[in-house]
Amino acid sequence: MSSPALSLAARLRGSRRPSWLSDPKVLRTEVLAGLVVALALIPEAISFSIIAGVEPAIGLFASFTMAVTVAIVGGRPAMISAATGAVALVIAPLNREHGFGYLVAAVILAGVFQIVLGALGVARLMRFVPRSVMVGFVNSLAILIFLAQVPEMTNVPWPVYPLLAAGLALMVFFPKVTAAIPAPLVSIVILTVITLAAGIAVPTVGDKGDLPSALPVPGLPDVPFTLDTLTTIAPYALAMALVGLMESLMTAKLVDDITDTHSSKTRESIGQGVANIVTGFFGGMGGCAMIGQTMINVRVSGARTRLSTFLAGAFLMVLCIVFGPVVSDIPMAALVAVMVMVSFATFDWHSIAPKTLRRMPAGEITVMVVTVACVVATHNLAIGVVAGSVTAMVIFAKRVAHLAEVTAAADPDHATVVYRVTGELFFASSNDLVGRFDYAGDPDKVVIDLSAAHIWDASSVAALDAIETKYAQRGKAVEIIGLNESSAHLHKTLSGELTGSH
């Protein structure tokens, strides 16, 4: 008979053992999920490479290294990270203006930024991003992905247009037949067979560059290691780091909700950084979590462990290296159709429905519009999110400022007046506070009751000091009562210290 200590040790060993090692059903689910995701990754990785202005191999390498690395060091099991449109849009101008070496250097620096931000607890800041900014973020991403496809639909041979229409139709109607095979993959296969069988001359993936024929090898970016290089890549790297973390943390939260499990957002942030550093040293374009492929993995395929993420990257390279010539014959029209469909599916159409807009507060609509407008104008998702968040804060501050009320009640003998202040006192609401008192007409004793208020900042303490000063100039005494503990501490610390007279 085994001892309790041995039984406990056995249970602990079992708890550390991955579920796919002990359960064949879980293993089968994870393997099939990884294969399906790998197939779905190929067209998007190539399309995002084109958005970034690099050869298809670069996006495929990035998807391989991101998926494999995040599977080991990431915080959210079953989440797929690879080359993404959001990152491609951020770094495309850098590649266009300075060359591929600078892009790779920016990817490595972005990874460093993500590790630092993760260690500093940036994941906790996500709770300060309002929902209206999140909606604007998603809608902006959809718009930019669509705009990036426009050059592939202009000044092209006429057969591109019927192929594009056929690809869209397949992706709309094929899921009604079966969801076992990703509709984008079916569309790409059918359109490729049609163009090859009929000998239709249209732009293909091979026209954009050669696919990899071997695994990527590590190396340093081909840039001068100078301060000038650092100042050139730093803004792009920081933007990529922020956009990558935003999209990854949003996706992780979504998977948490779907699987009813919790994941470490700090570990995920650091894991994304490590993956981007590895990707940069292997010559990839960087990436972050992919909402679409993650949904295929978790919701459609039922994956729940890191194995599916690892296999998605591994299978991706096998498909490219072994079946590279086939992939090169894929018509660009098929990939454009995929990206148009991704754009359409990404956009939150409910957010602009007339019924929604009629019920939504004007401030929320304004925040969403500001976010979208800034992103589309600058092609920088981080700028849009920051602008939207700042706008939301200003609107919130303006709204809350009106919630601070002051009511006066005099004693029957008119020897004392009690002012009762209700609400939140901060820089916006406290600015009007000074003008709410009758300094000349009040009796000699004034009581300010703050039991239903809270002092948040130095502006509020300064306002209370100003009120006391105005009464003192008239020979009247002020007593402040009802402060809660934190308000009393702030008031005691700052009162009388905010002007140069003390």
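For the structure itself, look to the data block above.
Residues numbered from 1 in each chain as written. Predicted model: local features only at pLDDT ≥ 70, side-chain atom pairs only at ≥ 80, totals over all residues. Heavy atoms only, no water.

(A) Inspection of the pairing of strand β4 (residues 416–425) at higher detail. Taken together, the 6 bridges between strand β3 (residues 405–410) and β4 define a ladder with antiparallel strand orientation. Across the sheet, residue Ala409 finds its bridge partner in β4, namely Val418. Between the end of β3 and the start of β4, which pair antiparallel, lie 5 residues, with His414 showing a positive phi angle near 60°. The pairing of β4 with strand β5 (residues 445–455) spans 9 bridges and is parallel. Directly across from Leu425, in β5, lies its bridge partner Ile455. (Pairing = 2+ DSSP bridges. Helix = DSSP H or I, 4+ residues; strand = E, 2+ residues; numbered from the N terminus.)

(B) Summary view of the packing of aromatic side chains. Taken as a whole and assessed by the stated rule, the structure comprises 7 aromatic pairs. Between Tyr439 and Tyr471, the aromatic rings sit 4.8 Å apart at their centres with planes inclined by 55°, giving tilted as the arrangement. A residue pair is termed long-range when its members are at least 10 positions apart, and Tyr439 in the loop between α19 (427–430) and β5 and Tyr471 in helix α20 (residues 458–472) qualify at 32 residues. Just as Tyr439 is buried, Tyr471 falls in that class too. One aromatic cluster in this structure is built from Tyr419, Phe437, Tyr439 and Tyr471. (Phe/Tyr/Trp six-rings, centres within 6.5 Å; stacked < 30°, edge-to-face > 60°. Buried < 20%, exposed > 50% of the residue type's maximum accessible area, 1.4 Å probe, protein only.)

(C) Molecular detail of helix α8 (residues 160–173). An ideal rise of 1.5 Å per residue puts 20 Å on 14 residues; α8 measures up with 20 Å between its terminal C-alpha atoms. Taken together, the buried positions of α8 are occupied by Val160, Leu163, Leu164, Gly167 and Met171. Down the axis of α8, the smallest arc covering the buried residues is 105°, so these residues share one side. The inward-facing, buried residues of α8 abut α9 (183–198) and α15 (332–346). (Expected span 1.5 Å × (residues − 1). Arc of directions from axis to C-beta. Contact = heavy atoms within 4.5 Å.)

(D) Broad picture of helix α6 (residues 100–119). Spanning 20 residues, α6 covers 29 Å between terminal C-alpha atoms, matching the ideal 28 Å at 1.5 Å per step. Within α6, 14 of the 20 residues are buried, leaving the element largely enclosed by the surrounding structure. At the exit of α6 stands Gly121, carrying a positive phi of roughly 85°.

(E) Expanded view of unusual backbone geometry. One non-glycine residue, Ala78, adopts positive backbone phi at about 75°. In this structure, Ala78 sits in the loop between α4 (56–73) and β1 (81–82). Here Ala78 falls in the buried class, since its relative accessible area comes to 2%. Within the chain, Asn155 stands out as a residue other than glycine whose phi angle is a positive 55°. Position of Asn155 among the secondary structure elements: in the loop between α7 (131–149) and α8. The class of Asn155 is exposed, set by a relative accessible area of 83%.

(F) Quick look at the nonpolar core. Among the nonpolar cores identified, the biggest contains 86 residues, and Ile46, Leu60 and Met285 are the most heavily contacted of them. The next biggest cluster of nonpolar side chains, apart from the first, holds 21 residues, and it includes Tyr419, Ala463, Leu464 and Ile467. (Core = buried A, V, L, I, M, F, W, Y, C linked by side-chain atoms within 4.5 Å.)

(G) Spotlight on the pattern of salt bridges. Per the stated rule, a full pass over the model turns up 4 salt bridges. We note a salt bridge from Arg76 to Asp256, for which the minimum N-O separation is 2.4 Å. Within this pair, whereas Arg76 is found in the loop between α4 and β1, its partner Asp256 is found in helix α11 (residues 227–259), the two being separated by 180 residues in sequence. Like Asp256, Arg76 is buried. Beyond isolated ion pairs, a larger network of salt bridges with shared partners links Arg76, Asp256 and Lys265. (Salt bridge = Lys/Arg side-chain N within 4 Å of Asp/Glu carboxyl O.)

(H) Focus on the packing of helix α3 (residues 24–52) against α4. With their axes 7 Å apart at the nearest point, α3 and α4 run at an angle of 125° to one another. In terms of axis orientation, α3 runs oblique to α4. Along this stretch, α3 crosses α4, giving a crossing that reads as right-handed. From α3, Ile42, Ala45, Ile46 and Ser49 reach across to α4, where they touch Pro56, Ile58, Gly59, Leu60 and Ser63. (Axes fitted to C-alpha atoms, helices over the stretch in contact; angles between N-to-C directions. Parallel < 35°, antiparallel > 145°, perpendicular 65-115°, else oblique. Left-handed = near helix turned anticlockwise from the far one by under 90°.)

(I) Inspection of the environment of Pro93 at higher detail. Within the secondary structure, Pro93 is located in helix α5 (residues 85–98). The spatial distance from the C-alpha of Pro93 to the C-alpha of His379 is 9.4 Å, given a sequence separation of 286 residues.

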